[in-house]
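# Analysis of the macromolecular model
Letter by letter, the chains look like this.
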Amino acid sequence: MNGPIYLDNNATTAVAPEVLETMLPYLKELYGNASSMHTFGGQLGPAIRKARDKVAAIIGADPSEIIFTSCGTESDNTAIMSALEINPQKKHVITTRVEHPAIYNFCKHLSRKGFRITFLPVDDAGRLSIDALYRALDDDTAIVSIMYANNETGVIFPIQEIGAALKERGILFHTDAVQAVGKVPLNVHTLPVDMLSLSGHKLHAPKGIGALYVRKGTRFYPYIIGGHQENSRRAGTENVASIMGLAKACELAMASLETEITCLSKLRDRLEKALLANCPDSRVNGDRERRLPNTTNISFEFVEGEAILLRLNEYGICASSGSACTSGSLEPSHVLHAMGVPFTALHGSIRFSLSRYNTDSEIDKVIEVLPGIIKELRSLSPYGRVKTCKE
Amino acid sequence: MWEYTNKVRDLFLHPRNVGEIENPDAVGEVGSIICGDALKLTLKIDKETGKIIDAKFQTFGCASAIASSSALTEMVKGKTLDEALKLSNKDIADFLGGLPEEKMHCSVMGKEALEAAIADFRGETPVQEPGERVVCKCFEVTEEKLRKVIMENHLTTVEQVTNYTKAGGGCGSCIPDIEAILRDIWALKPLPVESKEPRKLTNLQKIALIQDIIERDIRPRLQADNGDIELIDVEGPKVTVALRAMCLGCPMGGITIKGIEEKLRELVSSDIVVETASK
C-alpha cells in the first residue's frame with residue numbers, strides 16, 4: 001500500500017516539503033541563539049524579522065502585532081489570561097459551548113477558580129446565538145473569546161458582526177482562528193478583533209509553533225514569564241527553525257488560498273454528496289452554507305464511530321470521529337452534543353478534513369469503500385434494521 | 001488510538017456468529033444507543049442436555065464491543081448453562097488476548113448479556129428490581145452492578161470502576177458514591193471526616209454560605225450545560241431556588257435539585273431541604 005489517504009487535516013497536517021527545506025539550515029548549521037552578542041547567533045535576528053513579516057501578512061497584521069508561541073493552545077490561554085491580568089476587577093468571561101478544549105477546558109478551569117463563565121449556546125446547525133451574547137455582556141465582562149471556525153463541523157462564526165458590536169461596547173475580543181488561517185481569507189484590517197490565535201501545524205508547518213496576534217494599542221500581559229524575547233511579551237528562546245517553517249507555510253498558503261478554496265470545496269462537496277446519496281440514514285452536522293471549504297462532518301445513524309474509523313483504517317483512510325469511544329473519555333463530542341445532535345447520530349459521526357495534498361482518486365476510494373462499511377456495521381447492529389422515529 | 005490485540009482486530013474485522021437466531025430459546029439485551037453501546041444476544045438451547053447449541057449476537061458499539069460480543073458467542077457454544085454462567089468478564093477479555101483498561105466495560109457488557117439471556121430462558125425476573133439504587137445516572141449503573149463488578153475484578157480505584165462499568169465517566173457527580181462503595185467493600189479506612197461539632201451559623205452566615213456555594217460551585221456547572229440557577233429564599237432549613245434557561249423543564253431537573261440538596265447538606269447543614277420556587 002502507498003501512503004495513507006489522509007483526511008484528518010483539522011487534527012494536523014503534513015509538513016510541506018518547502019517548509020521542511022526552509023527549516024533545515026536552522027536545525028543544522030544555523031543553530032545560534034538570536035539573543036547572543038555574536039554574529040553567529042545575531043544573524044538570526046533579521047531572519048526572524050522577515051519571518052514575522054510573512055506571518056503577519058497572512059492575516060493582514062503589522063509585524064509588531066505578532067507574538068510567536070509554542071502552539072494554538074498557548075496562544076488561546078495567553079489571550080484569556082492577559083485580559084484577566086489587565087482587568088483584575090473583572091471576573092466574567094464569555095465564550096461558547098463549542099470551543100476547542102484550549103479555550104473550553106481553560107474556561108472550565110477558570111470557573112473552578114471563581115471566575116464567572118458564560119458558555120453561549122448554538123443551534124442545531126452549530127450557529128451561534130448572537131442575541132444570547134448581547135444578553136450575557138455586562139460591566140464585569142473582561143473578555144469575549146469566540147472561535148473563528150469550528151474544528152469539528154467547520155462552521156464559521158460571524159466574527160465580523162460580533163467584533164463590531166463588542167468594539168462599540170469597548171469589550172476585549174479574542175478569536176481562536178486556528179482552523180481558519182490559511183483556509184479562508186482573513187484580514188485584521190477589517191476584522192474587528194483585539195487578539196487572534198493561529199497554529200502552525202494546521203497549515204503544513206510543524207507542530208510546536210503558533211502565534212498570537214495582539215492589535216496595536218491593546219493592553220497585554222505575558223503568560224510565560226522570563227527573558228525579554230518577543231518584545232518581553234513571551235519569554236523563552238525563539239524556536240527559530242519552526243518560526244521559519246511557519247513563515248514559509250503562511251507564504252505558501254497565501255499564494256494558493258483562492259485556488260485551494262475552490263479545489264477543496266469541490267472535492268469535499270463531491271465526497272459529501274456521494275456519501276449522503278449512498279448511505280441511507282446519514283446527515284451532515286452543521287451549517288453547510290457558512291463553513292470551512294475543507295471540512296465535512298457526517299453522522300451515520302445506528303453505527304458507532306470508532307468501528308467506522310477502524311474499518312476505514314484497513315484501507316489506509318484516516319479520518320476522525322466525535323464518538324465517545326474515540327475520545328479517551330466516555331462522553332461523546334461536546335460540540336455535537338451542544339448542537340443537540342440526537343444520540344442515534346452522535347456516536348456515528350465522522351469528520352473528513354481535506355488539504356491541498358488530497359486527490360480525486362483518494363476521494364473516489366472513500367466513496368467506493370465507506371458505504372459498504374456502513375452497511376456491514378449496520379448489519380451487525382441491533383439498531384440497523386429498526387426504524388426509529390427521527391427527532 | 002487504542003492498542004488492540006490481533007485477536008480483537010480479527011474478531012472486529014471478521015466477526016463470527018453475527019445475527020439473530022430465529023425462534024431463540026433465550027434473548028439477552030443490554031446497553032442502549034444513548035450510552036454508546038448495546039448488545040443483543042440470542043441463544044438456542046438443547047432442553048435435554050441444557051447445552052447451548054448456537055449463539056448469535058448483534059452489537060452497536062466500538063471495535064472492542066463487537067469483538068467481545070463475538071468472543072462471547074464463540075465461548076458459550078457447547079457449554080451447559082451452568083458452565084456458561086461461570087464465565088467471567090475477565091475470561092472474555094483473556095479470550096481476546098486482553099483489552100485496553102478503558103475498554104474493559106465491553107467485556108462486562110458481554111457477561112451481562114449472557115446472564116440476561118439465561119435468566120430469560122429460566123423465566124427469572126430481570127435482575128433490576130424497582131427501587132434499586134442507580135449510582136451513575138449518566139450511564140444508569142446500579143449499586144448492585146457496581147458491587148458485583150468491583151468484587152469480581154478486584155477493582156480498587158474509581159478510575160478502574162469507570163473503565164469496567166462506565167460509572168463516573170459522565171458528569172462525574174457520582175464519584176464520591178463510587179468511592180464510598182469501594183471503601184465499604186474493601187473495608188478501607190474511611191477518609192478522615194471533618195466531624196467536629198457542626199458549625200453553628202447565624203442565619204446571615206448561613207445564607208451567605210449557601211449563596212457562595214451556589215455561585216462558586218453549582219452555577220458554573222449548570223451554566224456549562226446551558227442552564228442557570230437563582231437563589232430565591234432561605235427560611236430555616238428550607239432553601240428555595242429557581243432553575244433557569246435549559247434547566248427549565250429539563251427531565252434531569254429533579255436530579256439537579258437532589259444534587260444541590262446533597263451538596264448543601266454536606267457543606268452547610270444536614271437538615272437542608274431544597275425546593276424550586278412555584279410559578
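Residues numbered from 1 in each chain as written. Chains lettered and ligands numbered in written order. Predicted model: local features only at pLDDT ≥ 70, side-chain atom pairs only at ≥ 80, totals over all residues. Heavy atoms only, no water.

Turning our eyes to something else, we now look at the overall build of chain A. A count of helical and extended segments in chain A gives 14 helices and 13 strands. Each of the three principal axes of chain A carries a C-alpha extent, and together these read 70 × 50 × 35 Å. In chain A, which comprises 391 residues, the proportion classed as buried is 61%. A separation of at least 24 residues holds for 72% of the contacts in chain A among residues at least 6 apart in sequence. (Helix = DSSP H or I, 4+ residues; strand = E, 2+ residues; numbered from the N terminus. Buried < 20%, exposed > 50% of the residue type's maximum accessible area, 1.4 Å probe, protein only. Contact = heavy atoms within 4.5 Å.)

So, about the overall build of chain B. When helices and strands are tallied, chain B shows 10 helices and eight strands. Summarising the internal contacts of chain B: among those between residues at least 6 apart in sequence, 56% fall at separations of at least 24. Carbon and sulfur atoms make up 52% of the accessible area of chain B, which amounts to about 14600 Å² in all. (Areas by Shrake-Rupley, 256 points an atom, 1.4 Å probe, with all protein chains shown as cover.)

Residues and elements named next belong to chain A. Look at helix α1 (residues 17-27) against helix α9 (residues 240-278): their axes get within 8 Å of each other, and the N-to-C directions meet at 160 degrees. Relative to α9, α1 is oriented roughly antiparallel. Viewed along their axes, α1 and α9 form a crossing whose handedness is right-handed. In this structure, α1 uses Glu 18, Val 19, Thr 22, Met 23, Tyr 26 and Leu 27 to contact α9, whose residues at the interface are Val 240, Ala 241, Ser 242, Met 244, Gly 245, Lys 248, Ala 249 and Leu 252. (Axes fitted to C-alpha atoms, helices over the stretch in contact; angles between N-to-C directions. Parallel < 35°, antiparallel > 145°, perpendicular 65-115°, else oblique. Left-handed = near helix turned anticlockwise from the far one by under 90°.)

Let us now look at the domain arrangement of chain B. Domain assignment breaks chain B into domain 1 (6-121), domain 2 (134-185) and domain 3 (203-276). On a C-alpha basis, the centroid separation for the pair domain 2 of chain B and domain 3 of chain B is 25 Å. (Domains from an automatic or database assignment.)

Let us now look at the nonpolar core. All names here are of chain A. Counting 87 residues, the largest nonpolar core has Phe 300, Phe 352 and Leu 370 as its most contacted members. A total of nine residues in this core trace back to one element, the largest contributor, which is helix α14 (residues 360-380). Setting aside residues no more than four positions away along its own chain, Phe 352 makes contact with Leu 7, Leu 271, Leu 275, Asn 294, Thr 295, Thr 296, Leu 312, Ala 319, Val 366 and Leu 370. (Core = buried A, V, L, I, M, F, W, Y, C linked by side-chain atoms within 4.5 Å.)

Here the focus is the packing of aromatic side chains. Taken as a whole and assessed by the stated rule, the structure comprises three aromatic pairs over all chains. Each ring, one from Phe 106 of chain A and one from Tyr 223 of chain A, has its centre 6.5 Å from the other, and the planes form 85 degrees; the classification is edge-to-face. Of this pair, Phe 106 of chain A sits in helix α5 (residues 101-112) while Tyr 223 of chain A is found in the loop between β8 (210-214) and α8 (229-232), placing the two residues 117 residues apart along the sequence. On the basis of relative accessibility, which here comes to 10%, the residue Phe 106 of chain A falls in the buried class. Its relative accessible area of 35% is what places Tyr 223 of chain A among the partly exposed residues. Here the guanidinium or amino end of Arg 169 of chain A rests over the ring plane of Tyr 134 of chain A, the centre of that ring lying 4.9 Å away. When the ring centre of Phe 12 of chain B is taken as origin, the NZ or CZ atom of Arg 311 of chain A, which lies over that ring, is 4.7 Å away. (Phe/Tyr/Trp six-rings, centres within 6.5 Å; stacked < 30°, edge-to-face > 60°. Lys NZ or Arg CZ within 6 Å of the ring centre and 35° of its normal.)

This part is about the sheet that holds β8 of chain A. All names here are of chain A. In spatial order, the strands read β2-β8-β7-β6-β5-β3-β4; together these seven strands make up an open sheet with mixed pairing. For this open sheet the edge positions go to β2 (66-69) and β4 (116-120), each flanked by a neighbour on one side alone. Taken pair by pair, the neighbouring strands of this sheet meet at an average axis angle of 20 degrees, ignoring direction. Across three bridges, strand β5 (residues 141-145) lies against strand β6 (residues 172-176) in parallel orientation. (Pairing = 2+ DSSP bridges.)

Attention now moves to the interface of chain B and chain A. With 38 residues of chain B in contact, the opposing surface of chain A contributes 33 residues. Of the roughly 2900 Å² buried where chain B meets chain A, counting both sides, 61% is carbon and sulfur surface. A per-residue breakdown of the area chain B buries against chain A is headed by Phe 12, Ile 33 and Phe 60 of chain B, which together make up 20% of the total. Joining chain B to chain A, the criterion identifies two salt bridges. The salt bridge partner of Lys 103 of chain B is Glu 306 of chain A, with a shortest N-O separation of 2.7 Å. Linking chain B with chain A are seven residue pairs in polar contact (both at pLDDT 80 or more), by the criterion used here. Every element with two or more residues in the side of chain B that touches chain A is listed here: α1 (6-13), β1 (26-32), β2 (37-46), β3 (51-60), α2 (63-76) and α9 (203-224) of chain B. (Buried area = accessible area lost by both parts, 1.4 Å probe. Salt bridge = Lys/Arg side-chain N within 4 Å of Asp/Glu carboxyl O. Polar contact = N/O pair within 3.5 Å; in protein donor to acceptor, adjacent residues only side chain to side chain.)

Next up on the list: the pairing of β5 of chain A. All names here are of chain A. β5 sits mainly inside the fold: five of its five residues count as buried. Bridging between strand β3 (residues 92-96) and β5 involves three bridges; their strand directions are parallel. If you follow Val 93 over to β5, its bridge partner there is Ile 143. Considered for its hand, the β-α-β crossover made up of β5, helix α7 (residues 159-169) and β6 is right-handed. (Right-handed = clockwise from strand over helix to strand, strands pointing away.)

Time to look at the side chain of Ser 111 of chain A. On the secondary structure map, Ser 111 of chain A appears in helix α5. If we skip the residues at most four places from it in the chain, Ser 111 of chain A touches Ile 117 of chain A together with Arg 216 and Pro 220 of chain B.

To continue, consider α9 of chain B. All names here are of chain B. End to end, α9 covers 30 Å across 22 residues, agreeing with the expected 32 Å (1.5 Å per residue, within 8%). The axis of α9 is deflected most strongly, by about 40 degrees, at Ile 218, and proline Pro 220 appears within four residues downstream. The complete set of buried residues in α9 reads Lys 206, Ile 210, Ile 213, Ile 214, Ile 218, Arg 219, Pro 220, Leu 222, Gln 223 and Ala 224. A positive phi of about 80 degrees marks Asn 226, the residue just after α9. (Expected span 1.5 Å × (residues − 1). Bend = angle between axes of the 7 residues up to and from the residue.)

What follows concerns unusual backbone geometry. At Asn 231 of chain A, a residue that is not glycine, the phi angle is positive and equals roughly 60 degrees. Mapped onto the elements, Asn 231 of chain A comes out in helix α8. For Asn 231 of chain A, a relative accessible area of 64% puts it in the exposed group. Even without being a glycine, His 154 of chain B presents a positive backbone phi close to 50 degrees. Mapped onto the elements, His 154 of chain B comes out in the loop between α6 (143-153) and α7 (158-165). For His 154 of chain B, a relative accessible area of 57% puts it in the exposed group.

Residue and element names in this part refer to chain A. Ordered by their spatial adjacency, four strands build an open sheet running β9-β10-β13-β12, and the pairing between neighbours is antiparallel. Strands with a single pairing partner mark the edges of an open sheet, and in this sheet they are β9 (282-284) and β12 (320-321). Sheet topology places β9 next to strand β10 (residues 295-300); three bridges connect them, and they run antiparallel. Along β10, the bridge assignment pairs Arg 283 with Ser 299. Taken strand by strand, helix α10 (residues 305-313) contacts β10, β12 and β13 (349-353), and its axis lies near 45 degrees from that of β13.

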